[in-house]
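Structural features, examined
Take a look at the letters that make up each chain.
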Amino acid sequence: MKNLLGDRYKLGEMIGTGGMADVYIAQDQRLSRQVAVKVLRSDLARDPSFVARFRKEALAAAGLNHPGIVAVYDSGEVPAPYIVMELVSGHTLRSLIHSGERLPLDRTLEIAEGVLAALEYSHERGIVHRDIKPANVMITDQGDVKVMDFGIARALDDIGATLTSTWNIVGTAQYLSPEQAMGESADYRSDIYSLGCLLFEVLTGRPPYTGDTPVSIAFQHVSGDFIKPSSLNPELPEGINILLAVALAKKPADRYQSAAEMLSDVRKLRAGQVVKTKIARKPIGRSRIALIASLIIVLGGGFAFAVSKTGTTQTNTLAALPNVVGLTESDARSLLVGYTVTIQHSHDGRIPKDRVASQVPLPTSMVKKNSGVILTLSDGPGDATVPPGLVGMSLIDARTALAAAGLVIAQTVAVPSDKPQGTVLQVDPVSGSVISAGSGVTLQIASGDIAVPSLVGVDEIQARTELVQAGFLINEIQAYDPNQASGVILAQAPEAGSTHTIGSSVTITVNKAP
């Protein structure tokens, strides 16, 4: 990748990486300011329809001017689609959640106010985010809230990205609205649902629905029972249960109909007032169940319900299995009276200790009464070993190896190196270290830049040798200084010690008599 995008932005340190893109600090050479540049993955860049959508949506996002939205300044498509954004000093809500810090209720509601104000502004201008999640909410060093990635989220949605797309991993599925999980169109109420999922996690320490795969999580979004947040965090007031019950309603028509409506209730809660918003609880019809079955089959889950053409079950002994994920063993058993319950244990960094992390069969599966149910209780975070062989891997391969070991990349630090860009140079903690499962490691990676050697006063042959070995191309010009030896280097550009991309040119001025 070139170090200068659009003949304007000089890439610096990589400050973030994810399933969709890598983020760099960059210097805007034209306006002399620092910006953040998000460069999308090469597989997305090869999709012409995505490039066209991305160009359109990046322009739309650039028209959003709100203090709660990370500003989009520019975009381009060479060498890969990228957007140039406001550089925000702070951290994402995702990093705060993963740190294990539990925010006070008032601060959480304050963050919700900030997100809702941003959504109210964007919705009024016809832009739906479609991917509200903790990784897209920034908390600045001053404590302000900023929402980012409007353009990327919408472009991805418009090209028909589904749960089977490589970019859409479990982390995103945890905040997906039921209509998105069903492949239906998303509107402003989908953003409200996703925000409800986000708030549920910040307030309770876990998302409203969890599972081992995006399919199992999507299934629960569509049909899983709502768990009161106060059942997981008894300190929460009843008003939070009401707020999130409305925000997380399965049907968009039962949710808050605008960001302004939800914002009003959030402000009431902050002021200590009573929230009275209600939704009409309606059972899921059999046609809905058939759609759920279709969803699971389409997404490769391999599950199907025994449903006849008339919509009735083939046997009267079948019943929908209750969803007990997140509950204690005793609470789960009380809902599973009549079933044969088998308990097993496993470490899980997402589910609190002694609560149900998963169940087999999946929630709402149509099963026989008195049949067996296997519940896996969380033992809390366990240990994982930093895998060997990371040094020398590409960033993509290292990410895969760490994920297989139950770990994530917490930070990448780009440094000058003669190795290909993205090559892992150092790992902290080192390979073989035993750390908590789900925690992160820091990778030092090659930026693709190397330092230009000092050549002035060096013989031409030696200078050429050093440049070739370092990976630079050579431009030569001649000048004459009678006070210097013939064949030595009188000047060079760029200057010694500056860092430049491997393969770029260095101009040397060789002392030669006319």
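Refer to the structure above for everything that follows.
Conventions used here
Residues numbered from 1 in each chain as written. Predicted model: local features only at pLDDT ≥ 70, side-chain atom pairs only at ≥ 80, totals over all residues. Heavy atoms only, no water. Pairing = 2+ DSSP bridges. Helix = DSSP H or I, 4+ residues; strand = E, 2+ residues; numbered from the N terminus. Axes fitted to C-alpha atoms, helices over the stretch in contact; angles between N-to-C directions. Contact = heavy atoms within 4.5 Å. Buried < 20%, exposed > 50% of the residue type's maximum accessible area, 1.4 Å probe, protein only. Arc of directions from axis to C-beta. Polar contact = N/O pair within 3.5 Å; in protein donor to acceptor, adjacent residues only side chain to side chain.

With mixed pairing, 3 strands are arranged side by side in an open sheet as β21-β24-β22. Two strands in the sheet have a free side with no partner beyond their single neighbour: β21 (473-479) and β22 (489-493). With direction set aside, neighbouring strand axes in the sheet form an average angle of 25°. Pairing between β22 and strand β24 (residues 505-511): 4 bridges, direction antiparallel. For I489, the partnering residue across the bridge sits in β24 and is V510. Each of β21, β22 and β24 touches helix α16 (residues 460-470); the most contacted strand, β21, lies at about 155° to it.

The next point concerns α16. Of the positions making up α16, those classed as buried are E460, A463 and L467. Projection of α16 onto a plane perpendicular to its axis shows the buried side chains occupying an angular sector of 65°, all on one side. Turned more than 90 degrees away from the buried face of α16 sit I461, V468 and Q469, all of them exposed. Taken together, the buried residues of α16 touch β21, β22 and β24. Its side-chain oxygen 2.9 Å from the backbone nitrogen of I461, D459 forms the N-cap of α16. Of the residues flanking the end of α16, it is G471, one or two places downstream, whose phi is positive at about 100°.

As a further point, take the pairing of strand β19 (residues 440-446). Direction of pairing for strand β16 (residues 408-415) relative to β19: parallel, over a ladder of 7 bridges. Looking at β19, one finds that I409 is bridged to V441. Here 4 bridges tie strand β17 (residues 424-428) to β19, and the two strands are oriented antiparallel to one another. Across the sheet, the residue bridging to V424 is I445, located in β19.

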